Amino acid sequence: MNSTTNAPVPAKLIPNLGLKGRNTLGLDAMADLAYEINSPAQIPAVISQITEKNLPWRVLGGGSNVILPTTLPGATLLMNITDQVIESADPDATLISVGGGVGWHEFVIWTLEHDLPGLENLALIPGTVGAAPIQNIGAYGVEIAEYIDHVEAFDAKAHAFVTLSKDECKFAYRDSYFKQNPQRFIVTKVVFRIPKAWEARVHYADLAKQFANNPYPSAEEIFLAVCKVRTHKLPDPKRIGNAGSFFQNPVIPNEQFETLLKKYPALVSYPDAPGKRKVAAGWLIDQCGFKGQRMGNVGVYENQALVLVNHGGGTAKDILGLAKCIQDKVREKFGVGLDIEPNIL
Ligand code: EPU
């Protein structure tokens, strides 16, 4: 008998998948069992299977913000949802719905090609659209939170699809409700709201320098300038393994900041919440003499002390060992603690 159902094609299962090419640090890791997710409809069955077998699990997007162990037990979900549509265009803004598996930088290029400027300051950030809201990616004075309308996800705790408004996402500096609830949400779709009114944002020191003689740059010019600065400061993961900024910029109380500033007048910092100051972690690490240093197979990038690199053959243990050395030295010299930015799996 010919029975037709509307059940989705099950997610493809791949046992013993090597992940060296799927994490930008280039760590040699093996997933016991990988599920390739091509559509949201496949997720409930995958989560049911994982729960029944009581397996540990995690989602892997572009692998640009993770530190992978040598083996990943249980299930690893590879996000491959790549639909992208303009949902509506009202006089004030354009809503664009984008699958979680779309590459972030490719999406930024697509917006500019469709004359939807706004995201140009966030060019060249590695990773996927689905991972972007989790750590609220930001660069050169812009955070993705400003451009998000809502996020669609599968809530593994409630075993249901959910839609979170921008407020419900609780975005903060490199933080969100998703990040605060690990092992719970699988982001399937991000709906962006790109306002029609556009204004160049080049106040950030590195960009201001580029436009000293060009007071009205176009979005394309800003995009190219951001690509130029990032290419210089951040190594291309295809050449040297890295996960972008390895530490968050620490936020310290004003009193502690004032005391430090007296001792170190060149200290780089930014305003933050009332009574607090955000300090440039790269500056602190640089002052401790780590820039360009190597420790076995891993090291600190020569052009940006906030970036740890894998010169080849490095493991999570090596990277975390170097991170610990840096954290200890920075605490000893400045009395400031540094939090690791990528997720340690
Ligand atoms: N600095 C040094 N030495 C260094 C590195 C930095 O003295 O080796 C000083 C710089 O001179 C500068 C200041 O520290 O005055 C800040 O450096 P930079 O402009 O390079 O930015 P950042 O604070 O180190 C943050 C983000 C980056 C983002 C840039 C640009 C975090 C943790 N990092 O870096 O985000 O691209 O600003 O907006 O907030 C990422 O999260 O992976 C990332 C790359």
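Bear in mind the structure is a predicted one, so any value in this text is a computation, not a measurement. (Residues numbered from 1 in each chain as written. Predicted model: local features only at pLDDT ≥ 70, side-chain atom pairs only at ≥ 80, totals over all residues. Heavy atoms only, no water.)

**Q** Describe helix α2 (residues 104-113), and please don't skip the residues or the numbers.
**A** In terms of burial, α2 is a largely internal element, seven of the ten residues being buried. Trailing α2 by a residue or two, Asp-115 shows a phi angle of about 55°, which is positive. (Buried < 20%, exposed > 50% of the residue type's maximum accessible area, 1.4 Å probe, protein only. Helix = DSSP H or I, 4+ residues; strand = E, 2+ residues; numbered from the N terminus.)

**Q** Please give an account of the pairing of strand β7 (residues 93-99) that cites residues and values.
**A** Burial within β7 is extensive, with seven of its seven residues counted as buried. Neither face of β7 is open: one carries Ala-93, Leu-95, Ser-97 and Gly-99, the other Thr-94, Ile-96 and Val-98, and all of them are buried. The pairing of strand β6 (residues 84-89) with β7 spans five bridges and is antiparallel. Across the sheet, residue Val-85 finds its bridge partner in β7, namely Ser-97. Linking two consecutive strands that pair antiparallel, namely β6 and β7, is a turn of three residues. In the sheet, β7 pairs with strand β12 (residues 185-195) via seven bridges, with the strands oriented antiparallel. Residue Ile-96 lies in a different strand from β12, and its bridge partner there is Phe-192. (Pairing = 2+ DSSP bridges.)

**Q** Tell me about the sheet that holds β6, and please be specific about residues and values.
**A** Strand pairs in the sheet, formed through backbone hydrogen bonds, run parallel or antiparallel to each other. One open sheet accounts for five strands, arranged β6-β7-β12-β10-β11; its pairing is antiparallel. Only two strands of the sheet have a single neighbouring strand rather than two, namely β6 and β11 (160-165). Along the sheet, successive strands turn relative to each other by an average axial angle of 20°, direction set aside. Where strand β10 (residues 148-155) and β11 come together, six bridges link them in antiparallel fashion. Pairing of Phe-154 across the sheet is with Phe-161, part of β11. α2 contacts β6, β7 and β12 of the sheet and is inclined by roughly 150° relative to β7. (Axes fitted to C-alpha atoms, helices over the stretch in contact; angles between N-to-C directions. Contact = heavy atoms within 4.5 Å.)

**Q** With reference to specific residues and values, describe the pattern of salt bridges.
**A** Any two side chains of opposite charge can pair if their charged atoms end up close together. Tallied over the entire structure, the rule returns ten salt bridges. Between Arg-201 and Glu-146 there is a salt bridge, and its shortest N-O distance comes to 2.9 Å. Taken together, the residues span a long stretch of sequence, with Arg-201 in the loop between β12 and α4 (205-210) and Glu-146 in the loop between β9 (142-143) and β10 at a distance of 55 residues. Among the residues examined, Glu-146 registers a relative accessible area of 36% and is labelled partly exposed. One salt bridge in this structure joins Lys-278 and Asp-272, with 4.0 Å as the shortest N-O distance. Exposure remark for Asp-272: the relative accessible area of 35% places this residue in the partly exposed category. One salt-bridge network, held together by shared partners, links Asp-206, Lys-209 and Lys-233. (Salt bridge = Lys/Arg side-chain N within 4 Å of Asp/Glu carboxyl O.)

**Q** How would you explain the state of the cysteines if you had to name every residue and give the values?
**A** Within this structure, the stated rule accounts for zero disulfides. This cysteine, Cys-325, is not joined by any disulfide, and Cys-288 carries the nearest cysteine sulfur, 11 Å off. Looking at Cys-325, the relative accessible area reads 34%, which means it is partly exposed. (Disulfide = S-S within 2.5 Å.)

**Q** Can you tell me about the environment of Leu-320, naming the residues and giving the values?
**A** Looking at the element boundaries, Leu-320 is found in helix α8 (residues 316-334). By relative accessible area, which is 26% here, Leu-320 ends up partly exposed. In this structure, the C-alpha to C-alpha distance between Leu-320 and Phe-192, residues 128 residues apart in sequence, is 35 Å. Residues within four places of Leu-320 in sequence aside, it is in contact with Ile-67, Ile-340 and Ile-344.

**Q** If you had to explain the nonpolar core to someone new, which residues and values would you point to?
**A** In terms of nonpolar packing, the biggest core is built from 44 residues, with Trp-104, Phe-107, Leu-119, Leu-122, Val-129, Ile-144 and Phe-192 touching the most fellow members. Those elements giving two or more residues to this core turn out to be β7, α2, β10, β12 and α5 (219-233). Residues within four places of Phe-107 in sequence aside, it is in contact with Gln-84, Ile-96, Val-98, Val-102, Leu-119, Val-129 and Phe-192. Listed in part, the 33 residues of the second largest apolar core include Leu-25, Leu-260, Ala-281 and Val-298. (Core = buried A, V, L, I, M, F, W, Y, C linked by side-chain atoms within 4.5 Å.)

**Q** Explain the packing of α2 against α5 to me, using residue names and the numbers behind them.
**A** Orientation of α2 relative to α5, taken along the N-to-C sense of each, is 160°, at an axis distance of 11 Å. Relative to α5, α2 is oriented roughly antiparallel. The way α2 lies across α5 gives a crossing that is left-handed. Residues His-105, Val-108, Ile-109 and Leu-112 of α2 pack against Ala-219, Glu-220, Phe-223 and Cys-227 of α5. Of the residues belonging to the contact of α2 with α5, the class tally is six nonpolar, one polar and one charged. (Parallel < 35°, antiparallel > 145°, perpendicular 65-115°, else oblique. Left-handed = near helix turned anticlockwise from the far one by under 90°. Nonpolar A, V, L, I, M, F, W, Y, C, P; charged D, E, K, R; others polar.)

**Q** Explain the domain arrangement of the protein to me, and be specific about the residues and the numbers.
**A** For the protein, the assigned domains are domain 1 (12-79), domain 2 (84-195) and domain 3 (241-344). Computed from C-alpha coordinates alone, the two centres of domain 2 and domain 3 are separated by 27 Å. Listed per partner, the contact involves four residues of domain 2 and four residues of domain 3. Between domain 2 and domain 3 lies a buried interface of about 420 Å² when both sides are counted; carbon and sulfur atoms form 37% of it. (Domains from an automatic or database assignment. Buried area = accessible area lost by both parts, 1.4 Å probe.)

**Q** Talk me through the site of the ligand; I want residue IDs and the actual numbers.
**A** The environment of the ligand is formed by 24 residues, the closest being Tyr-140, Tyr-173, Asp-286, Gln-304 and Ala-305. Contacts to the ligand include Arg-230, whose side-chain N or O atom sits 3.1 Å from an oxygen atom. Lys-291 is positioned such that a nitrogen or oxygen atom in its side chain is 3.2 Å from an oxygen atom of the ligand. Protein contacts shield 83% of the accessible area of the ligand, which totals 820 Å² for the unbound molecule. (Near = heavy atom within 4 Å. Polar contact = N/O pair within 3.5 Å; in protein donor to acceptor, adjacent residues only side chain to side chain. Areas by Shrake-Rupley, 256 points an atom, 1.4 Å probe, with all protein chains shown as cover.)

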